[in-house]
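# What the coordinates show
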Amino acid sequence: MTRLSMNQLTTYRWSFEEDLVRYAESGYDGVGVWLRKLSDFGVERGVDLVADTGLSVAGMSWVGGFTGADAASPRENLAVARDALRVAAQLKAACLKVHSGGPNGHIRGHAMRLFRQALDQLLPFAEEFGVPLAIEPMHQACAAEWTLLTDLASALALVREYDSPGLKLAMDTYHFPIGPEGWPLLRELAPHLAVVHLGDIDRPHGVDQWRRPLGQGAAPLGGIVRTLCEAGYTGMLDVKLIGPEFTASDYETLLVESRAAVADLTTDAMIGPLRDEPGCATRPDNQPPAVDSPERDQLLLRP
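Sequence positions are assigned chain by chain, starting from 1 and proceeding in written order. Confidence filtering applies because this is a predicted model: local features only for residues at pLDDT of at least 70, side-chain atom pairs given and counted only at 80 or more, and all residues used for totals across whole chains, interfaces and linings. No hydrogens and no water enter the side-chain calculation; it runs on all heavy atoms of the structure.

### Some remarks on the pairing of strand 1 (residues 3-7)
- Only protein chains enter the accessibility calculation, which uses a 1.4 Å probe; a residue whose area is less than 20% of its type maximum is buried, one above 50% is exposed, and one in between is partly exposed. Put simply, DSSP marks the helices as runs of H or I at least four residues long and the strands as runs of E at least two long, and each gets a number from the N terminus on. When you tally the buried positions in strand 1, you get four out of five residues, the bulk of the element.
- Every crossover in which the path from the first strand over the helix to the second runs clockwise, viewed with the strands pointing away from the viewer, is termed right-handed. With helix 1 (residues 16-25) bridging strand 1 and the parallel strand 2 (residues 30-34), this β-α-β connection has right-handed handedness.

### Focus on the packing of helix 1 against helix 3 (residues 43-53)
- Working convention: axes come from line fits to C-alpha atoms, limited for helices to the stretch in contact. Angles between N-to-C directions cover 0 to 180 degrees. Direction vectors running N to C along helix 1 and helix 3 enclose 10 degrees, while the axes themselves pass 10 Å from each other. Regarding the angle of helix 1 to helix 3, the classification is roughly parallel. Contact residues: Phe16, Glu17, Leu20 and Ala24 in helix 1; Gly46, Leu49, Val50 and Thr53 in helix 3.
- Taken together, the residues of the contact of helix 1 with helix 3 break down into five nonpolar, two polar and one charged. Working rule for angles: under 35 degrees goes down as roughly parallel, over 145 as roughly antiparallel, 65 to 115 as roughly perpendicular, anything else as oblique. Residues count as neighbours in contact if any of their non-hydrogen atoms are within 4.5 Å of one another. Any residue that is not Ala, Val, Leu, Ile, Met, Phe, Trp, Tyr, Cys, Pro, Asp, Glu, Lys or Arg is counted as polar, Gly included; the first ten are nonpolar and the last four charged.

### A short note on helix 8 (residues 221-230)
- With nine of ten residues buried, helix 8 lies mostly within the body of the structure.
- What helix 8 keeps buried is the set Leu221, Gly222, Gly223, Ile224, Val225, Arg226, Thr227, Leu228 and Cys229.
- As for helix 8, its buried residues are in contact with strand 6 (167-172), helix 7 (183-189), strand 7 (193-198), strand 8 (236-239) and helix 9 (251-267).

### Some words on the sheet that holds strand 4 (residues 96-99)
- The parallel closed barrel is built from eight strands, whose spatial order is 1-2-3-4-5-6-7-8. In this sheet, neighbouring strand axes are inclined to one another by 30 degrees on average, regardless of whether the strands run parallel or antiparallel.
- Seen against the sheet, helix 4 (residues 74-91) touches strand 2, strand 3 (56-64), strand 4 and strand 5 (133-135) and runs at an angle of roughly 175 degrees to strand 3. Strands are labelled as partners when DSSP assigns at least two bridges between them.

### Re the pattern of salt bridges
- The term salt bridge refers to a pairing of a side-chain nitrogen on Lys or Arg with a carboxyl oxygen on Asp or Glu at a separation within 4 Å. Enumeration over the complete set of coordinates arrives at twelve salt bridges.
- Between Glu161 and Arg116 there is a salt bridge; the shortest N-O distance is 2.9 Å. Here Glu161, found in helix 6 (residues 152-162), pairs with Arg116, found in helix 5 (residues 108-129); they are 45 residues apart in sequence, far enough to count as distant.
- For Arg212, the salt bridge goes to Asp202, with nearest N and O atoms at 3.2 Å. A residue pair is termed long-range when its members are at least 10 positions apart, and Arg212 in the loop between strand 7 and helix 8 and Asp202 in the loop between strand 7 and helix 8 qualify at ten residues.
- Bridged by salt links that share partners, the residues Asp202, Arg203, Arg212 and Glu245 form one connected network.

### Some thoughts on the confidence of the model for the protein
- Confidence of the prediction at every residue is given by pLDDT, a number between 0 and 100. Mean pLDDT for the protein: 88, with 87% of residues reaching 70 or above.
- Of the regions scoring below 50 in pLDDT, residues 268-303 engages in 79 contacts with residues more than four places distant in sequence or in other chains.

### Thoughts on helix 3
- Gly46, Val47, Leu49 and Val50 are the residues of helix 3 that are buried. Relative to the axis of helix 3, the buried residues are bounded by an arc of 165 degrees and lie together on one face. Of the exposed residues in helix 3, the ones pointing more than 90 degrees away from its buried face are Glu44, Arg45, Ala51 and Asp52.
- The inward-facing, buried residues of helix 3 abut helix 1, helix 2 (35-41), strand 3 and helix 4.
- Immediately beyond the C-terminal end of helix 3, within one or two residues, lies Gly54, with a positive phi of roughly 80 degrees. By arc we mean the arc of the directions from the helix axis to the C-beta atoms, nothing more.

Okay, here's the thing in structure tokens:
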């Protein structure tokens, strides 16, 4: 049965403790842990609090920078990643999300070699701790400082090449609001996904990754999630909303409305044995054009 979690980036201004308490009170099954919040709160205290609230950890974000694109060296980032795997194991997290880092002036082939070298060193730890690394590709317009992987097919090919229980994928519907023509790929992805982030979009992608409340954008969320569920995805749906319209004063309302939106998106068209599961339906036939289609771009850019 698919379960719903809330990502701590959504409630950016709340503390780690407030996040967990409010998520549990609002009926969420899990939490997408932000490592920075956990570190500020204290790892041992955080692990205990997660256990006390009964929330599952959909995943922990994030480690990476293995191409030398940030202030830390690749060696330092590897050490951070190993420590983060230990913490993720304590939390019983479903995954630890990983970003390769941007090109950092390297040609793509060399940058990818650096990333693969990092994976080669980290995968034995991931397998030992029982916490898979989850590679998260991003839309090209958002990826420059984060990752070399900008499409789902190449990310899937990389995971298949390693063929390790320690390496999976994370998918974000904001980055990939895939319409029906892409659902066959989703069926291939499903067995390799550790977590699915839910985000909606009604404008061209940008570096700020500003999102819309669930169900108020163009992403065919119901169809995406149903396709994944039917193909065997059993991880959490993690609500991840970023942008200026999501303010601290509205967080409690956002928790309620996001939960209701998932129910709305997945109820009307529900059929068969998935009827009682949140997140396995199609959007009505009058759904907006796909976000990255020429038709959609014309609508978004029209004065």
